[in-house]
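Read off the chains here:
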Amino acid sequence: SQKIEQNSEALNIQEGKTATLTCNYTNYSPAYLQWYRQDPGRGPVFLLLIRENEKEKRKERLKVTFDTTLKQSLFHITASQPADSATYLCALGSARQLTFGSGTQLTVLP
Amino acid sequence: EPEVTQTPSHQVTQMGQEVILRCVPISNHLYFYWYRQILGQKVEFLVSFYNNEISEKSEIFDDQFSVERPDGSNFTLKIRSTKLEDSAMYFCARKPGLAVDEQFFGPGTRLTVL
């Protein structure tokens, strides 16, 4: 069956460091992979999308990599700030739906 | 891009009652989705709706659920006979167009079934 794993339910890092979150999947051939941010009691907020034929995508302090051979995506936040503290969700996509991982709760300590 | 709005923000109902959750898009989009998130669990896909028809639905979306766009603007999710396990956050999402894959989520409706 299809499975998405985001290792580390929780990740604590010091302000200014780079946070690296991992998303692994099995039994999937996604057309693209997306990362979302979710704050408590709020809806997911879209951050970045990377397609199966792309290796890396950047947006400001965010970077996503996508390795379809390893079936893995890495999500990096450089120069992290306490305001980056949230749950980060990986989602695999097709035209008709998104399938989400369970998320990694990131806490950036001042 | 602006989000969709959802009403109500919180709905409390008795088991067995019908509830209607509403999603109001900011502009006239064709692609809509409903997801739910049980407290402490992952966001789960329920149904996608394109051009006023169901495009795809998950195993969760059984006969007690229905979606429609009754007046061409609001997009509703109806749960016919609520169960305790339907208690969750329900999110509406939209996709601006065929060539755009990212989805934009509303703030959600918290449904509590007593």
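Let me sum up the structure you'll find in this document. Keep in mind it's a predicted model, so treat the numbers as computed, not measured.

## Thoughts on the interface of chain A and chain B
Counting from both sides, the interface comprises 20 residues of chain A and, opposite them, 19 residues of chain B. Taken together, both faces of the contact between chain A and chain B bury some 1,600 Å²; the carbon and sulfur share is 50%. Looking at the side of chain A facing chain B, the largest losses of area belong to R96(A), Q97(A) and F100(A), adding up to 31% of the total buried there. Where chain A packs against chain B, one counts zero salt bridges. Summed over the shared surface of chain A and chain B, the result is four residue pairs in polar contact (both at pLDDT 80 or more). If you list the elements that add at least two residues to the side of chain A that touches chain B, you get β4 (32-38), β5 (45-51) and β10 (98-100) of chain A.

## A word on unusual backbone geometry
Most peptide bonds adopt trans geometry, and most residues besides glycine take a negative phi value. Residue P8(B) is bonded to the preceding T7(B) through a cis peptide linkage, with omega at -10 degrees. Tracing the backbone shows P8(B) in the loop between β1 (5-7) and β2 (10-13). At E60(A), a position not held by glycine, the phi torsion is positive, near 55 degrees. With respect to the helices and strands, the residue E60(A) is situated in the loop between β6 (56-59) and β7 (62-67).

## Observations concerning the pattern of salt bridges
All names here are of chain A. Inspection of every chain in the model, using the stated rule, returns six salt bridges over all chains. The salt bridge involving E54 is made with K57; its shortest N-O contact spans 3.7 Å. Under the relative-accessibility criterion, E54 is labelled partly exposed at 23%. The partly exposed category is assigned to K57, whose relative accessible area is 28%.

## Examining the state of the cysteines
One covalent bond between the sulfur atoms of two cysteine residues makes up a disulfide. Inspection of every chain in the model, using the stated rule, returns two disulfides over all chains. A sulfur-sulfur separation of 1.9 Å characterises the disulfide bridge that pairs C23(A) with C90(A). An S-S torsion of about -55 degrees defines the bridge between C23(A) and C90(A) as left-handed. Highlighted residues: C23(A) in strand β3 (residues 19-26) and C90(A) in strand β9 (residues 86-93), separated in sequence by 67 residues. Residue C23(A) is classed as buried on the basis of its relative accessible area, which comes to 0%. Of the residues examined, C90(A) reaches a relative accessible area of 0% and is grouped as buried. Here C23(B) pairs with C92(B) through a disulfide, and the sulfurs are 1.9 Å apart. Classification of the bridge connecting C23(B) and C92(B) rests on its S-S torsion, roughly -60 degrees, and on that basis the disulfide is left-handed. Residue C23(B) is located in strand β3 (residues 19-24), and its partner C92(B) is located in strand β9 (residues 88-95); the two are separated by 69 residues in the primary sequence. An identical accessibility class is assigned to C23(B) and C92(B); each is buried.

Each value, and the rule that gives it
- Residues numbered from 1 in each chain as written.
- Chains lettered and ligands numbered in written order.
- Predicted model: local features only at pLDDT ≥ 70, side-chain atom pairs only at ≥ 80, totals over all residues.
- Heavy atoms only, no water.
- Contact = heavy atoms within 4.5 Å.
- Buried area = accessible area lost by both parts, 1.4 Å probe.
- Salt bridge = Lys/Arg side-chain N within 4 Å of Asp/Glu carboxyl O.
- Polar contact = N/O pair within 3.5 Å; in protein donor to acceptor, adjacent residues only side chain to side chain.
- Helix = DSSP H or I, 4+ residues; strand = E, 2+ residues; numbered from the N terminus.
- Buried < 20%, exposed > 50% of the residue type's maximum accessible area, 1.4 Å probe, protein only.
- Disulfide = S-S within 2.5 Å.

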